[in-house]
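Letter by letter, the chains look like this.
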Amino acid sequence: PAAAASADSASGQVNGLKVHTEGKVSRIEINRPAKLNSITWEMYEGIIEALKKAGEDKSTSVTVFTGTGEYFSSGNDLSNFAKISSPADVAKLAALGKDVLKRYVAAFIDHPKPLIALVNGPAIGISVTVLGMFDLVLASDKATFVTPFAALGQSPEGCSSFTFPMIMGTPKAAEFLLFGKKLSAKEACDRNLVNEVFPDGVFRAETEKRITAYSLLPPQSLQLSKGLLRSMLKDELHKCNEREVTLLAERWQSQECANAIQNFFKRK
Amino acid sequence: PAAAASADSASGQVNGLKVHTEGKVSRIEINRPAKLNSITWEMYEGIIEALKKAGEDKSTSVTVFTGTGEYFSSGNDLSNFAKISSPADVAKLAALGKDVLKRYVAAFIDHPKPLIALVNGPAIGISVTVLGMFDLVLASDKATFVTPFAALGQSPEGCSSFTFPMIMGTPKAAEFLLFGKKLSAKEACDRNLVNEVFPDGVFRAETEKRITAYSLLPPQSLQLSKGLLRSMLKDELHKCNEREVTLLAERWQSQECANAIQNFFKRK
Amino acid sequence: PAAAASADSASGQVNGLKVHTEGKVSRIEINRPAKLNSITWEMYEGIIEALKKAGEDKSTSVTVFTGTGEYFSSGNDLSNFAKISSPADVAKLAALGKDVLKRYVAAFIDHPKPLIALVNGPAIGISVTVLGMFDLVLASDKATFVTPFAALGQSPEGCSSFTFPMIMGTPKAAEFLLFGKKLSAKEACDRNLVNEVFPDGVFRAETEKRITAYSLLPPQSLQLSKGLLRSMLKDELHKCNEREVTLLAERWQSQECANAIQNFFKRK
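Thresholds applied
- Here the residue numbering is sequential within each chain, running from 1 through the sequence in written order.
- Working convention: letters from A go to chains and numbers from 1 go to ligands, in the order in which they are written.
- Reporting in this predicted model follows two pLDDT cut-offs: at least 70 for local features of residues, and 80 or more for side-chain atom pairs to be given and counted; totals over whole chains, interfaces and linings ignore these cut-offs and use all residues.
- Water and hydrogen atoms play no part in the side-chain values, which are based on all heavy atoms of the structure.
- Salt bridges are counted wherever a side-chain nitrogen of Lys or Arg sits within 4 Å of a carboxyl oxygen of Asp or Glu.
- Relative accessibility decides the category of a residue: with a 1.4 Å probe and only protein chains considered, values under 20% of the type maximum give buried, values over 50% give exposed, and everything between is partly exposed.
- A run of H or I in DSSP becomes a helix once it reaches four residues, and a run of E becomes a strand once it reaches two; helices and strands are each numbered from the N terminus.
- In this description, contact between two residues means that some pair of their heavy atoms is separated by no more than 4.5 Å.
- Accessible surface is computed with a 1.4 Å probe, and the buried area is the amount of it that two parts give up when combined, taken over both parts together.
- N or O atoms within 3.5 Å of each other form a polar contact, as long as, within protein, one can give a hydrogen and the other can take it, and as long as residues adjacent in sequence are counted only when both atoms are side-chain atoms.
- For Phe, Tyr and Trp, rings pair up if their centres lie within 6.5 Å, where Trp contributes its six-membered ring, and each pair is then called stacked (planes under 30 degrees apart), edge-to-face (over 60) or tilted (otherwise).
- In this classification, Asp, Glu, Lys and Arg are treated as charged, Ala, Val, Leu, Ile, Met, Phe, Trp, Tyr, Cys and Pro as nonpolar, and every other residue, Gly included, as polar.
- Two strands are counted as paired when DSSP detects at least two bridges linking them.
- As a per-residue measure, pLDDT tells how confident the predictor is, with possible values from 0 to 100.
- Least squares is used to superpose the copies, and the fit set is the C-alpha atoms of residues whose pLDDT is at least 70 in both copies.
- What is meant by a nonpolar core is a set of buried Ala, Val, Leu, Ile, Met, Phe, Trp, Tyr and Cys residues, joined one to another through side-chain atoms within 4.5 Å.

### A closer look at the pattern of salt bridges
Step number 1: One pass over the full model with this rule turns up 62 salt bridges over all chains.
Step number 2: E22 of chain A serves as the salt-bridge partner of R27 of chain A, at 3.6 Å between the closest nitrogen and oxygen.
Step number 3: When its relative accessible area of 7% is taken as the criterion, R27 of chain A is described as buried.
Step number 4: Residue K53 of chain A is joined to E49 of chain A by a salt bridge in which the shortest nitrogen-to-oxygen separation is 3.7 Å. Separated by four residues within a single helix, K53 of chain A and E49 of chain A lie in helix 2 (residues 41-56), roughly one turn from each other.
Step number 5: Here K53 of chain A falls in the partly exposed class, since its relative accessible area comes to 25%.
Step number 6: Put simply, E175, K181 and R191 of chain A together with E196, E206, K209 and R210 of chain C are held in one network by salt bridges that share partners.

So, in structure tokens, the structure goes:
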């Protein structure tokens, strides 16, 4: 259909993304396996655009988000921060990053259709934190989940400081977001961040069955019911997003963060 | 005692319900096993009345809700919608249904005593969604839980769009409420919707032991402590109830819902 | 360092407490094993002071709370209520208790650093309820968790009426806080109140490894990220604290509570 084709041609131009529709399903795939599907500024913009188009596409009823290759996504590409040479650069980059991240997370908050994540492998940082805004998270048993914010001198985003305490209770959310505990797919499922775990060999086949079945449900019921589940939370999520990116922009300009990122690149 | 007798005679007249008191326990049983304990308009009114009387009964300290026969309750009796012959009928029935459901759910929100559900068998739709307002949910291992709202072109009620994300996190709540995933008693327990699962053969005997013990606790402490746990939620629950029944009344008048219910009766 | 020493000498004077710092860790230990680590009015004040100092200590990044001996803490020392001889005494004691408890719970709400609980053995009443405000709860497999409020004619405190429904969903929170169900460490972990359970023999060694690693993370990131996770909850928690201690002060003056505590001392 026309809508699908236009989404394809518009977003297909972004390096590292594969956006298309299949039946009743809009699909957004992070496709930068050589860089472990880390997300560049350009890719953030491409995903924002793809989520918007998927939300408006009258031919589809659900939106699927996944990665190609071994990783789901290693999160924010730290080379986004690599070209810094002066304090003025840092301030400029922090302002840019804050703006991009805020709009990125808002695109998930405001997405009107059920959001389904297929976590095909390791997920890091912002590719983990946004999962709290999904309506279904299916994981391969090769998936792992980690948010090493503190180790990098940073702070949580993706509305995780709001959604994770709600999903797994504050003690387990804090262990994950503050102390950076890495979770297996099974552990993430026990903590309600993941709905179901599949052996990697049958992951794609089994999840497709579910997605196809769900995408054939009455689309207005799906969309309106999703709106109902989120209605009381939407304002809170936007406020949380603002708080998170404000703190993160401050963190990016802190000495603690600079030291931590430098150490990261040294270890690499 | 007088209160118990009057509750008995007042509510005993409603077909499909059995209301009585036993020791310190008010009991409301859905008793329409030939129709899988589905709930007619008249039964909704009977339960509202029974909950009110149980709340006021000075001889009891807890309120137990269960079903007779094999089902807990198959939810809203779809024949409530079967006598429609014109668009005007639909609008009238939607207004009636909205009013009844809203008062039904409010009766659970406002119930002052600990509410205990004995889920003796399959639970469907509104008999599942109200469980989020209970203080103890004990289930037989023959119990199952399903809310096929989307498949019927409808939307969640019973405050489940508020309570379920709080109980099991949004991804698992959305899978259940949007996509209609059916849960076993064990799965419902893992998701914190059920407190404890019992082999069916000992279900009634084991749950009675617990209920008797709990009903002998100091009644004011129970009631005031329950009020405390709900105090911050009560306003939110009433707002949620209003949002849910408003959307549901719209859904009942939609073409999508008409088609879905027609298909349901065809399959029967 | 100076801060550590001053914390030591200031709080070391309180009977039943051991307060010190070790590396990057502030430690508060309930040290009254002969009385199962129950908490006297004086100890409440000592812990409030120790939490304040730990929050201000620039040499530490996390605060650890634990018990010495077999118990974590058996909660409020009921002999706090034993010297009552007239109704005027009851009113005076209720006012005192309300004030102390409110400031005690507020000290946890406002603590700026990650709070880690090492639950080395049985935990009762207020030593359980405050756990919902911790960022990491590690338990020995000898730990148990119980809040016998109703049996004592009392009502929940420690913000548990807010945090526990969020952590484990209302049905499981109500079973625990209203009906006094006792949980094993494993059950508390399944309900997200405990992060991880360790065999008692390796409990101290294994938890020290984690605490040391976490305490070496960038301290500002830890503190600011914790603030972010709590920012939306802080006001709610203070309001909840006020509601809880107000009800509790009423309960302490009720006949139901007097009878229940009398029965408790008789059984002893």
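### Observations regarding the interface of chain B and chain C
Step number 1: The interface is formed by 31 residues belonging to chain B together with 29 residues belonging to chain C.
Step number 2: Summing the contributions of chain B and of chain C, the shared interface buries around 2,600 Å²; its carbon and sulfur component is 63%.
Step number 3: Our enumeration of links across chain B and chain C arrives at one salt bridge.
Step number 4: For the pair chain B and chain C, the interface holds 11 residue pairs in polar contact (both at pLDDT 80 or more).
Step number 5: Breaking the side of chain B that touches chain C down by element, the ones donating at least two residues are strand 8 (136-140), helix 5 (160-168) and helix 9 (219-231) of chain B.
Step number 6: When residues in the side of chain B that touches chain C are grouped by element, the largest group, 11 residues, is from helix 9 of chain B.

### Digging into the packing of aromatic side chains
All names here are of chain B.
Step number 1: Counted under the stated rule, the structure contains 30 aromatic pairs over all chains.
Step number 2: Here the aromatic rings of F65 and F72 are separated by 6.1 Å at their centres, their planes lie at 70°, and the arrangement is edge-to-face. With respect to class, F65 is no different from F72; both count as buried.

### Focus: the interface of chain A and chain C
Step number 1: Each side of the interface is counted separately: chain A has 29 residues, and chain C has 31 residues.
Step number 2: Surface buried jointly by chain A and chain C totals about 2,600 Å² across both partners, of which 64% is contributed by carbon and sulfur atoms.
Step number 3: A per-residue breakdown of the area chain A buries against chain C is headed by P171, L178 and F179 of chain A, which together make up 27% of the total.
Step number 4: The shortest N-O distance in the salt bridge between K181 of chain A and E196 of chain C comes to 3.8 Å.
Step number 5: Viewed at the interface, chain C and chain A are joined by 11 residue pairs in polar contact (both at pLDDT 80 or more).
Step number 6: If you list the elements that add at least two residues to the side of chain A that touches chain C, you get helix 5 (160-177) and helix 8 (219-252) of chain A.
Step number 7: When its residues are assigned to classes, the side of chain A that touches chain C shows 15 nonpolar, six polar and eight charged.

### Points about the pairing of strand 1 (residues 17-22) of chain B
Residues and elements named next belong to chain B.
Step number 1: Note that strand 1 and strand 2 (residues 25-30) share six bridges and pair antiparallel. Paired with E22 across the two strands is V25, which belongs to strand 2.
Step number 2: Taking the residues between adjacent antiparallel strands as the criterion, strand 1 and strand 2 are bridged by two residues, where G23 takes a positive phi near 60°.

### Side note on the confidence of the model for chain A
Residue and element names in this part refer to chain A.
Step number 1: With 95% of its residues at a pLDDT of at least 70, chain A reaches an overall mean of 92.
Step number 2: In the predicted structure, residues 1-11 sits below a pLDDT of 50 and forms 13 contacts with residues beyond four places in sequence or in another chain.
Step number 3: Overall fold confidence (pTM) sits at 0.93, and the ipTM for the predicted complex is 0.92.

### Considering the relation of the copies chain B and chain C
Step number 1: The transform that puts chain B on chain C rotates by 120° and translates by 0.0 Å along the axis, for an RMSD of 0.0 Å. Accordingly, the operation relating the two chain copies is best matched by a three-fold axis. Looking at the rotation axis and the C-alpha trace of chain B, the residue lying nearest is M166 of chain B, at 3.6 Å.
Step number 2: Each copy contacts the other with its own distinct surface, as only 3% of the interface residues of chain B are interface residues in chain C too.

### As for the relation of the copies chain A and chain C
Step number 1: With an RMSD of 0.0 Å, chain A superimposes on chain C once it is rotated by 120° and translated 0.0 Å along the axis.
Step number 2: An overlap of only 3% is found between the interface residues of chain A and their copies at the interface of chain C, pointing to separate contact surfaces.

### Comments concerning the nonpolar core
Step number 1: Among the nonpolar cores identified, the biggest contains 255 residues, and F145 of chain A, Y104 and F145 of chain B together with Y104 and F145 of chain C are the most heavily contacted of them.
Step number 2: Of all the elements, helix 8 of chain A adds the most residues to this core, at 10 residues.
Step number 3: Here Y104 of chain C is in contact with I39, Y44, I47, I48, F65, I126 and V130 of chain C, once residues within four sequence places are set aside.

### A short note on the sheet that holds strand 9 (residues 144-146) of chain A
Residues and elements named next belong to chain A.
Step number 1: Read from one edge of the open sheet, three strands run 7-9-10, paired in mixed fashion. Sheet topology places strand 7 (123-124) and strand 10 (183-184) at the edges, where each strand pairs with a single neighbour.
Step number 2: Here strand 7 runs beside strand 9; their pairing, made up of two bridges, is parallel. Looking at strand 9, one finds that I124 is bridged to V146.

### Re the environment of L216 of chain C
All names here are of chain C.
Step number 1: Positionally, L216 belongs in the loop between helix 8 (203-215) and helix 9 (219-231).
Step number 2: Here L216 falls in the exposed class, since its relative accessible area comes to 59%.
Step number 3: For the pair L216 and V25, spaced 191 residues apart in the sequence, the C-alpha separation amounts to 9.4 Å.

### Overview of the pairing of strand 2 (residues 25-30) of chain C
Residue and element names in this part refer to chain C.
Step number 1: The buried count for strand 2 comes to six of six residues, which makes it a mostly enclosed element.
Step number 2: Of the two faces of strand 2, the one holding V25, R27 and E29 and the one holding S26, I28 and I30 are both buried throughout.
Step number 3: Pairing of strand 2 with strand 4 (residues 62-67) involves six bridges; the strand directions are parallel. From the neighbouring strand, V25 faces strand 4, where its bridge partner is V62.

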